[in-house]
Amino acid sequence: MKNRNSKIAMLFILALSFMSFTVLKDKKVDVSTSKVTWKGYKVGGEHEGTIKLKEGSLTFNGETLESGTFTIDMTSINTTDLSGDYKDKLDGHLKSDDFFGVEEYPTATLKITSVSGKNGKYTVKGDITIKGITESISFPMTVSENSATANLKIDRTKHKITYKSPSLLETLKDKAIYDEFDINVELKF
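The rules behind these values
- Residues numbered from 1 in each chain as written.
- Predicted model: local features only at pLDDT ≥ 70, side-chain atom pairs only at ≥ 80, totals over all residues.
- Heavy atoms only, no water.
- Helix = DSSP H or I, 4+ residues; strand = E, 2+ residues; numbered from the N terminus.
- Buried < 20%, exposed > 50% of the residue type's maximum accessible area, 1.4 Å probe, protein only.
- Contact = heavy atoms within 4.5 Å.
- Phe/Tyr/Trp six-rings, centres within 6.5 Å; stacked < 30°, edge-to-face > 60°.
- Expected span 1.5 Å × (residues − 1).
- Pairing = 2+ DSSP bridges.
- Core = buried A, V, L, I, M, F, W, Y, C linked by side-chain atoms within 4.5 Å.
- 1 Å grid on protein atoms, 1.4 Å probe; cavity = no way out; pocket = protein on both sides within 12 Å on 5 of 7 lines; lining within 4 Å.
- Points joined across faces, edges and corners; volume = space filled by probe spheres on them.
- Nonpolar A, V, L, I, M, F, W, Y, C, P; charged D, E, K, R; others polar.
- Lys, Arg positive; Asp, Glu negative; His and termini not counted.
- Salt bridge = Lys/Arg side-chain N within 4 Å of Asp/Glu carboxyl O.
- Polar contact = N/O pair within 3.5 Å; in protein donor to acceptor, adjacent residues only side chain to side chain.

Caption draft 1: Quick peek at the overall build of the chain. Scanning the chain for helices and strands turns up two helices and nine strands. Walking the chain from its N terminus toward its C terminus, one meets helices and strands in the order α-β-β-β-β-α-β-β-β-β-β. Considering the chain as a whole, with its 189 residues, one finds that 35% of them fall into the buried category. Taking the intrachain contacts of the chain between residues at least 6 apart in sequence as the baseline, contacts between residues at least 24 apart amount to 56%.

Right, here's the structure in full:
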């Protein structure tokens, strides 16, 4: 009986010691100080703007990034390189069903599914859901102390956003809007 209790105590201590090495810590993203910018490209030009995070968090094992989740407020799409009627018209068009359909899909999400790298420099794989359609993507992310940056390229046609896509309508020529757009993220937590 004494020997059996000793073995149980040893297993318990061993289990506790292993658990101490895998303590995960969530860091909530400060959405009020974080910044998300976008840039879209068309033949002969580009447009850029901002979009707000609704919520987000990163999970760390010690100092190493493990995973994360984000919710993007698609209703906050804002063009910053135009003003007046042109800005209002583009903002409205981006929110329409031709693009992001924010009335039906007011949010988009990103879930980090795997991370490789070390010392704050990572290659992140995740699932991004826009207009209810999920696509797997990969992108670089840099983490230092209480901030992180990432640069994503999104192919809008993977989310059935095909308005003036040159890959679908070769006749567009000088009116085409390129399929990929950029999302640049500066997170504070």
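So much for the structure itself; the text now carries on.
Caption draft 2: The arrangement of unusual backbone geometry in detail. With a phi close to 50°, Glu 145 is a non-glycine residue in the positive phi region. You can see Glu 145 is positioned in the loop between strand E7 (133-144) and strand E8 (147-155). Note on Glu 145: relative accessible area 73%, which makes it exposed. Unlike most non-glycine residues, Lys 160 shows phi in positive territory, near 60°. As for its placement among the helices and strands, Lys 160 is situated in the loop between E8 and strand E9 (177-188). A relative accessible area of 65% places Lys 160 in the exposed class.

Caption draft 3: Inspection of the packing of aromatic side chains at higher detail. The tally for this structure, following the rule as stated, stands at three aromatic pairs. Measuring from ring centre to ring centre gives 6.0 Å for Phe 100 and Phe 181, while their planes differ by 80°; the resulting arrangement is edge-to-face. Here the residue Phe 100 occupies a position in the loop between helix H2 (84-95) and strand E5 (107-118), and Phe 181 occupies one in strand E9, the gap between them amounting to 81 residues. Each member of the pair, Phe 100 as well as Phe 181, carries the same accessibility label: buried.

Caption draft 4: Broad picture of H2. Over its twelve residues, H2 extends 17 Å from the first C-alpha to the last, a length consistent with the 16 Å expected when each residue adds 1.5 Å. Residues of H2 that are buried in the fold lie against strand E2 (35-42), strand E3 (45-61) and strand E4 (64-79).

Caption draft 5: Focus on the pairing of E8. The pairing of E7 with E8 spans four bridges and is classified as antiparallel. Its bridge partner lying in E8, Val 143 is registered against Ala 148. Adjacent in sequence and paired antiparallel, E7 and E8 are bridged by two residues, among which Glu 145 carries a positive phi angle near 50°. Judged from the nine bridges that link them, E8 and E9 form a sheet pairing that is antiparallel. In the strand pairing of E9, Ser 147 is matched with Lys 188.

Caption draft 6: Structural context of the environment of Gly 40. As for its placement among the helices and strands, Gly 40 is situated in strand E2. It is 9.1 Å that separates the C-alpha atoms of Gly 40 and Ile 183, two residues lying 143 residues apart in sequence. In this structure Gly 40 touches Glu 46, His 47 and Phe 181, once residues within four positions along its chain are discounted.

Caption draft 7: Summary view of the nonpolar core. Core analysis: the biggest nonpolar cluster contains 38 residues, and Leu 58, Phe 100, Met 141, Leu 152 and Leu 187 have the highest contact counts within it. The biggest single contributor to this core is E4, with five residues. Ignoring anything within four residues of it in the chain, the contact list for Met 141 reads Leu 65, Gly 120, Lys 121, Tyr 122, Val 124, Ala 148, Thr 149, Ala 150 and Leu 187.

Caption draft 8: A look at the layout of surface pockets. Space inside the largest pocket adds up to approximately 990 Å³. What lines the largest pocket is a set of 44 residues, and nearest its centre among them are Trp 38, Gly 40, Leu 90, Leu 94 and Phe 99. A per-element tally of the lining of the largest pocket places E9 first, with seven residues. When the residues that make up the lining of the largest pocket are grouped by side-chain class, the tally is 33 nonpolar, three polar and eight charged.

Caption draft 9: Examining the side chain of Lys 131 more closely. Mapped onto the elements of the fold, Lys 131 is located in the loop between strand E6 (121-130) and E7. We note that Lys 131 is buried and unpaired, the nearest opposite charge coming from Asp 97 at a distance of 5.5 Å. Looking at Lys 131, its side chain comes within polar contact range of the main-chain oxygen of Asp 97, at 3.2 Å. A distance of 3.0 Å separates the side chain of Lys 131 from the backbone oxygen of Phe 99, its partner in a polar contact. When near neighbours in sequence (up to four residues on either side) are disregarded, Lys 131 contacts Asp 97, Phe 99, Phe 100, Gly 101, Tyr 105, His 159, Lys 160 and Ile 161.

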